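Listed below are the residues making up each chain.
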Amino acid sequence: MKPLHIASEPKDFSIPQDLITQTLAILARKRVGKTYTASVIAEEFCKAKLPFVVLDPTGAWWGLRASSDGKAAGYPVIIIGGPHGDVPLEPTAGRVIADLVVDHPGYFVIDLSLTNSNAEQDRFATDFAEQLYRRKSRQPDPLHLFIDEADSFAPQRPFPGQQRMLGAFEAIVRRGGIRGIGVTMITQRPAILNKNVLTQTEVLIALQTTGPQDRAAVQEWVKSHGTKEQQETFMNSLAGLQKGQAWIWSPAWLNVFKLVKIRARATFNSSATPEVGTAQRVPSILAPVDLEALKGQMAATIEKAKADDPKALKAKIAQLERDLAAIHSVPAPQAKVEIVEVPLIKDADLDRLEKATAAISVAASLLADTIGKWKQAVGVRHVPAEQRHPRGERQEIRSVQMSAQGNVVLGTGGLRRMLIALAQRSQGLSDRQLGVRAGLSSSSGSFGTYLAKGRTNGWISGERGCLSITEAGLQVLGVFDPLPTGNGLLRYWLNELGNSGAARMLEALSAVYPRAMTKEELGAQVNLSHSSGSFGTYLSRLRTLELIEGRQELKASSEFVC
């Protein structure tokens with residue numbers, strides 16, 4: 001993967017694409033390039049086809065759609081809301097827009113600059129953040145969230161009614177990484193950005209900062225990172241940085257402490273402050289976006305939201321109840337009732353049932369006689385209940401099954417299957433091979449218990465690398481039905497896994513054996529994202545059952561072809 005290049009000096013400086021799931025903070029006083037720097041990062045994400053969404057309360061991000069001189073197209077960034085929006089923004093649509101960016105990942109700018117009040121902005125942001133965090137738990141593919149003027153959404157001292165919004169953004173910043181969400185917080189007032197989110201910063205990008213309170217807030221982060229010399233160098237230079245200069249400090253992830261010059265934007269600088277006496281430039285060409293596809297996606301998202309909306313569901317239920325009541329209010333016509341007797345069981349069937357009942361009675365009587373003879377043979381006698389556990393006397397109870405001849409009864413459980421598998425392979429089996437053939441994981445407690453019992457009784461010998469059945473084991477096993485091997489064993493495991501993603505994955509790997517598949521290839525074959533939680537769960541189950549081999553290159557077990 002090509003790295004991201006956000007600096008022109010030093011020329012060899014770059015950042016891995018994994019930046020998409022990291023937590024960044026871009027701190028600086030106003031008009032020295034905070035949004036400019038964030039836009040450069042967004043350009044790099046576009047180049048690498050990494051999805052992102054921007055919360056833009058100032059209307060400064062739309063320039064990503066045009067080239068730097070405004071004479072050519074930029075990137076196909078979808079703008080929702082604001083004076084340059086492709087579609088208008090409703091303050092009540094926070095959840096719907098969150099569903100849109102999760103279900104149709106791409107490049108989105110949510111322009112909040114035309115909301116009528118801070119309350120409307122807060123309402124949208126709260127609903128959006130809560131739904132984004134909730135939905136990404138089920139779809140944890142990488143997505144980066146740029147939060148411009150982050151102190152507005154995660155304030156150090158929230159006003160009444162803002163606590164819920166603060167909690168939503170704090171959850172994204174603190175725990176969003178595991179759900180694939182990376183965050184860039186952009187602010188000119190680090191002093192009023194909530195400290196619970198600022199302290200989570202892994203990559204600090206600091207431009208010129210002069211305000212005493214804001215420098216103090218930055219210094220609180222600095223105190224916990226780097227050497228004393230680095231801290232002094234950083235703080236002493238912060239107020240004197242030139243426009244475009246920035247410290248990039250990542251003490252753990254990148255292990256970087258470097259002063260860089262942010263490269264020039266490749267797209268139109270729509271965040272530039274208008275200058276007196278200078279005509280404001282307006283791009284003549286914007287990158288096109290497929291508005292019909294966007295409208296279709298939004299319509300589908302809205303319909304899905306309605307279907308999942310408890311209020312809408314309640315309204316639909318209420319309407320159905322009214323319709324049902326209206327039907328019941330109409331008197332039903334009187335119908336003539338005619339009773340017809342129909343025999344449920346024919347005479348011939350009744351005769352067969354009676355004969356079967358008689359046969360069952362005879363069999364039950366024979367079974368009772370056999371049990372009685374068995375008890376006499378092994379000396380079982382009736383002991384009154386009050387004599388079974390004398391007081392003050394501890395008894396060790398052992399559950400041992402014996403046949404009339406004194407041989408241990410194996411039953412039909414895992415130990416018997418293990419002995420059958422070993423009997424079918426005289427040269428021996430490893431514990432993994434034995435587990436697959438016997439329908440057990442060799443790392444499970446049940447397998448260990450059966451193996452220990454088999455060794456204790458002298459039926460199984462050898463180490464886990466090569467286990468074999470003994471003469472005593474063959475004798476106690478007696479006549480047996482062979483276990484499936486090869487393709488029959490594969491069919492057995494596919495049946496055990498049922499109609500699941502794990503079964504589809506095992507079938508796909510078996511179809512190309514002995515060739516291996518990468519996770520990406522396997523995911524595409526079974527219509528699952530290889531980075532999704534479901535894919536990981538199914539893969540873990542197959543590994544636990546030892547039905548597949550390999551880590552990066554995956555292959556079906558060789559037991560299915562022997």
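All values reported here derive from a predicted model rather than from experimental measurement.

Conventions we followed
Residues numbered from 1 in each chain as written. Predicted model: local features only at pLDDT ≥ 70, side-chain atom pairs only at ≥ 80, totals over all residues. Heavy atoms only, no water. Helix = DSSP H or I, 4+ residues; strand = E, 2+ residues; numbered from the N terminus. Expected span 1.5 Å × (residues − 1). Buried < 20%, exposed > 50% of the residue type's maximum accessible area, 1.4 Å probe, protein only. Arc of directions from axis to C-beta. Contact = heavy atoms within 4.5 Å. Core = buried A, V, L, I, M, F, W, Y, C linked by side-chain atoms within 4.5 Å. Pairing = 2+ DSSP bridges. pLDDT = per-residue confidence, 0-100. Phe/Tyr/Trp six-rings, centres within 6.5 Å; stacked < 30°, edge-to-face > 60°.

## Overview of helix 13 (residues 445–456)
Spacing of three or four residues puts side chains on the same side of an α-helix, whose turn is 3.6 residues.
Phase 1: For helix 13, built from 12 residues, the straight-helix expectation of 16 Å at 1.5 Å per residue is met to within 8% by its first-to-last C-alpha distance of 16 Å.
Phase 2: What helix 13 keeps buried is the set Phe447, Leu451 and Gly454. Buried residues of helix 13, viewed axially, fall in a sector of 65 degrees; they line one side. Opposite its buried face, helix 13 presents the exposed residues Gly445, Thr449 and Thr456, each directed more than 90 degrees away.
Phase 3: Packed against the buried residues of helix 13 are helix 11 (414–423), helix 12 (431–438) and strand 11 (460–461).
Phase 4: Following helix 13 by one or two positions, Gly458 has its phi on the positive side, about 75 degrees.

## Here we look at the nonpolar core
Phase 1: Residues Ile97, Ile110, Phe128, Leu132, Leu145, Phe169 and Phe234 are the most contacted members of the largest nonpolar core, which totals 56 residues.
Phase 2: Top element by residues in this core is helix 4 (residues 163–175). It accounts for seven residues.
Phase 3: Apart from residues lying up to four places away in sequence, Ile110 is in contact with Val53, Val54, Leu55, Asp56, Ile80, Leu89, Ile97, Phe124 and Phe128.
Phase 4: By size, the runner-up hydrophobic cluster in this structure holds 42 residues, among which are Ala7, Phe52, Trp61 and Ala66.

## Observations regarding the pairing of strand 10 (residues 256–262)
Phase 1: Relative to strand 10, strand 1 (residues 7–9) runs antiparallel, the two being bridged by two bridges. Within strand 10, the position partnered with Ala7 by the bridge is Ile262.
Phase 2: Pairing of strand 9 (residues 245–250) with strand 10, which is carried by six bridges, proceeds in the antiparallel orientation. Bridge pairing in strand 10 links Ser250 to Val256.
Phase 3: Hairpin connection, strand 9 to strand 10: the antiparallel pair is bridged by five residues, and Asn255 has positive phi, about 55 degrees.

## Points about the confidence of the model for the protein chain
Phase 1: Looking at the protein chain as a whole, its pLDDT mean stands at 84, while 80% of the residues score no less than 70.
Phase 2: Per-residue pLDDT stays below 50 along residues 380–408; that stretch engages in 20 contacts with residues further than four places along the chain or on separate chains.

## Re the packing of aromatic side chains
Phase 1: Counted according to the given criterion, the structure contains 14 aromatic pairs.
Phase 2: Consider the rings of Phe45 and Phe52, whose centres lie 6.5 Å apart with planes at 40 degrees: the pair is tilted. In this structure, Phe45 and Phe52 share a single accessibility class: buried.
Phase 3: On the numbers, 5.4 Å between centres and 45 degrees between planes, the contact of Trp61 with Phe146 is tilted. Of this pair, Trp61 sits in the loop between strand 3 (52–56) and strand 4 (78–80) while Phe146 sits in strand 6 (residues 143–147), and the two are 85 residues apart along the sequence. Of the two residues, Trp61 and Phe146, both sit in the buried class.

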